[in-house]
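Chain by chain, the residues:
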2 protein chains.
Amino acid sequence: MNKRGVLIVISGPSGAGKGTICKALLEKHDDLYLSVSATTREPRKGEVHGVNYYFLTKDEFRKRIDRNDFLEWAEVYENFYGTPRSSVDKMLDEGKNVILEIDIQGALKVKENCEDGVFIFILPPSMEELKQRIINRGSETPESLMRRFTSAYQEINYISKYNYGVINDKVEDAVVKIENILVAEQCRVDRIKDDILTDRKEV
Amino acid sequence: MNKRGVLIVISGPSGAGKGTICKALLEKHDDLYLSVSATTREPRKGEVHGVNYYFLTKDEFRKRIDRNDFLEWAEVYENFYGTPRSSVDKMLDEGKNVILEIDIQGALKVKENCEDGVFIFILPPSMEELKQRIINRGSETPESLMRRFTSAYQEINYISKYNYGVINDKVEDAVVKIENILVAEQCRVDRIKDDILTDRKEV
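Note that the structure is predicted; figures quoted are calculated from it, not measured. (Residues numbered from 1 in each chain as written. Chains lettered and ligands numbered in written order. Predicted model: local features only at pLDDT ≥ 70, side-chain atom pairs only at ≥ 80, totals over all residues. Heavy atoms only, no water.)

Peer 1: Looking at this model, I keep getting lost on the interface of chain A and chain B. Mind explaining?
Peer 2: In many reports, interface size means the accessible area that the parts give up when they come together. Each partner contributes to the interface: chain A provides 35 residues, whereas chain B provides 35 residues. Across the interface of chain A and chain B, roughly 2,900 Å² is buried in total on both sides, 68% from carbon and sulfur atoms. For the pair chain A and chain B, the interface holds zero salt bridges. Across the chain A-chain B interface, the total number found is six residue pairs in polar contact (both at pLDDT 80 or more). Those elements giving two or more residues to the side of chain A that touches chain B turn out to be α5 (127–136), α6 (142–155), β9 (164–167), α7 (171–186) and α8 (189–201) of chain A. Element by element, the count of residues in the side of chain A that touches chain B is highest for α8 of chain A, at eight residues. Grouping the constituent residues of the side of chain A that touches chain B by class yields 19 nonpolar, seven polar and nine charged. (Contact = heavy atoms within 4.5 Å. Buried area = accessible area lost by both parts, 1.4 Å probe. Salt bridge = Lys/Arg side-chain N within 4 Å of Asp/Glu carboxyl O. Polar contact = N/O pair within 3.5 Å; in protein donor to acceptor, adjacent residues only side chain to side chain. Helix = DSSP H or I, 4+ residues; strand = E, 2+ residues; numbered from the N terminus. Nonpolar A, V, L, I, M, F, W, Y, C, P; charged D, E, K, R; others polar.)

Peer 1: Help me out: how do you make sense of the environment of glycine 5 of chain A in this one?
Peer 2: Of note, glycine 5 of chain A is situated in the segment before β1 (7–11). Linking glycine 5 of chain A and arginine 188 of chain A, residues 183 residues apart in sequence, is a C-alpha distance of 13 Å.

Peer 1: Can you walk me through the nonpolar core in this structure?
Peer 2: Most often, soluble globular proteins keep nonpolar side chains buried together rather than apart. One finds Ile120 of chain A together with Ile120 of chain B to be the most contacted residues of the largest nonpolar core, which totals 42 residues. With near-sequence residues (within four places) excluded, isoleucine 120 of chain B lies in contact with Ile8, Val9, Ile10, Ser11, Tyr162, Tyr164, Val166, Ile178 and Ile181 of chain B. (Core = buried A, V, L, I, M, F, W, Y, C linked by side-chain atoms within 4.5 Å. Buried < 20%, exposed > 50% of the residue type's maximum accessible area, 1.4 Å probe, protein only.)

Peer 1: I tried to follow the sheet that holds strand β3 (residues 38–39) of chain B on my own but got confused; where do I start?
Peer 2: Through backbone hydrogen bonds, the strands of a sheet pair up, either in parallel or in antiparallel fashion. Reading across the sheet, the four strands line up as β4-β3-β6-β5 (chain B) and stay open at both edges, with mixed pairing between neighbours. For this open sheet the edge positions go to β4 (54–55) and β5 (70–76) of chain B, each flanked by a neighbour on one side alone. (Pairing = 2+ DSSP bridges.)

Peer 1: What's the story with the relation of the copies chain A and chain B in this structure? I'm lost.
Peer 2: The two chain copies are related to each other by a rotation about an axis together with a translation along it. Superposition record for chain A on chain B: RMSD 0.0 Å, screw rotation 180°, translation along axis 0.0 Å. Here the two chains are linked by the operation of a two-fold rotation axis. Considering only C-alpha atoms, the part of chain A nearest the rotation axis is asparagine 180 of chain A, at 2.3 Å. Mapped onto chain B, 100% of the interface residues of chain A are again interface residues, and the two copies thus contact each other with one and the same surface. (Least-squares fit on C-alpha atoms with pLDDT ≥ 70 in both.)

Peer 1: It is not clear to me how the side chain of serine 87 of chain A should be interpreted in this structure. Could you clarify?
Peer 2: By the secondary structure assignment, serine 87 of chain A is in helix α3 (residues 85–93). In terms of polar contacts, serine 87 of chain A uses its side chain to reach the backbone carbonyl oxygen of proline 84 of chain A, at 3.4 Å.

Peer 1: Please explain the UniProt feature "binding site: ATP" (unreviewed entry) in chain A as it appears in this structure.
Peer 2: All names here are of chain A. Sequence positions flagged by UniProt for "binding site: ATP" (unreviewed entry) are, in local numbering, Gly12, Pro13, Ser14, Gly15, Ala16, Gly17, Lys18 and Gly19. Those annotated residues that line the largest pocket are Gly12, Pro13, Ser14, Gly15, Ala16, Gly17, Lys18 and Gly19. Ignoring sequence-local partners within four residues, the contact set of glycine 15 consists of Leu130, Arg133 and Arg137. Along the polypeptide, glycine 17 turns up in the loop between β1 and α1 (18–28). Among the residues examined, glycine 17 registers a relative accessible area of 17% and is labelled buried. (UniProt positions renumbered as here; feature names shortened; annotations may be inferred. 1 Å grid on protein atoms, 1.4 Å probe; cavity = no way out; pocket = protein on both sides within 12 Å on 5 of 7 lines; lining within 4 Å.)

Peer 1: Honestly, the layout of surface pockets in this entry has me stumped. Any pointers?
Peer 2: When its volume is computed, the largest pocket comes out at roughly 960 Å³. Taken together, 36 residues line the largest pocket, and the ones lying closest to its centre are Lys18, Tyr53, Glu101, Ile102 and Asp103 of chain A. Among the elements of the structure, α1, β5 (70–76), β6 (79–84), β7 (97–101) and α4 (104–113) of chain A are those that each provide at least two residues to the lining of the largest pocket. In the lining of the largest pocket, the residues fall into 15 nonpolar, 13 polar and eight charged. In this structure, the second largest pocket spans a volume of roughly 530 Å³. Taken together, 22 residues line the second largest pocket, and the ones lying closest to its centre are Ser37, Tyr53, Glu72, Glu101 and Ile102 of chain B. Among the secondary structure elements, those contributing two or more residues to the lining of the second largest pocket are β5, β6 (79–84), β7 (97–101) and α4 (104–113) of chain B. Looking at which element gives the most residues to the lining of the second largest pocket, the answer is β5 of chain B, with four residues. Across the lining of the second largest pocket, the residue classes tally to ten nonpolar, seven polar and five charged. (Points joined across faces, edges and corners; volume = space filled by probe spheres on them.)

What follows is the structure, encoded as structure tokens:
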């Protein structure tokens, strides 16, 4: 029997570095799979259906919403974006471990739909550092910068909805912590109990 | 501020190999501390108070029971054995990670007294292997052997009361899993939340 894979949700405030961490994790581990989002926006040059996004018509997207086929979805500037439940489930059923990189609002919706997911909140080393990172991204007016920072500051409250918090001081260290979390989760009694008690009956 | 250490309870049926695993963990990690039990039995030659056991009189032991100073205790052949709460708490408060090796009945009592402990159930690779290990220990009559095996078989049901299950196929592999579990536990939101939300206020 294939052991079900683990869904690892990497989330946190903007500027905490979740994208860099996911990239490093995927480069390091052939056996980790990135969840591919669906969208109704037009493909950009070089983007491949099923690799960068699943490109859907608005009609098809709405049908899938009605079929409850999204772990989460949102409408942004007249386009839809979402995480297809069926493709994530398929990978998990095949025993694959799946990484989902997503903002906090999205993660909280996923949590409602996926109880056995592992929710990891990526934290900046300090609030001072987060401010610097947002400043360094540039192209922000002082007002939008302040708004982004205030939002990140408030978003950290949501950590209490997550299972783990990982401080992104050095990317390599954060990656090692997430690797450890995955090994630990694979030992959690909730995930292995049924197999153990079945195996025992075979003697 | 000193971050509170983690209490790691290594438990499981007799023959699963919890002793070997604890020994290997302690040899590998200077920063792990073994919880020392208290007993009313006489010290054997070479045994040192505070190292092998805390040797107490029955009077002193009973007083400590009344003061609720044991995470668990039991009476075995007219002697008392127990895990002193105060010495474990002192180490945890100093930020030390503490290993407690204990049978299943003891672990379940500790769990009632120590909610933030990490309860790890050590499993034999298979029930067939467990039978072999019990047989290989020798000096058992067929009846006591059968009794021990039946007891181990039933005890595996208690895994559902634990946080993690680790199969002791190779000792080194089991040790690595427990190391990963410790790192993961140190990232658990319940353990770090207060620090994170306090740190944030300092900006």
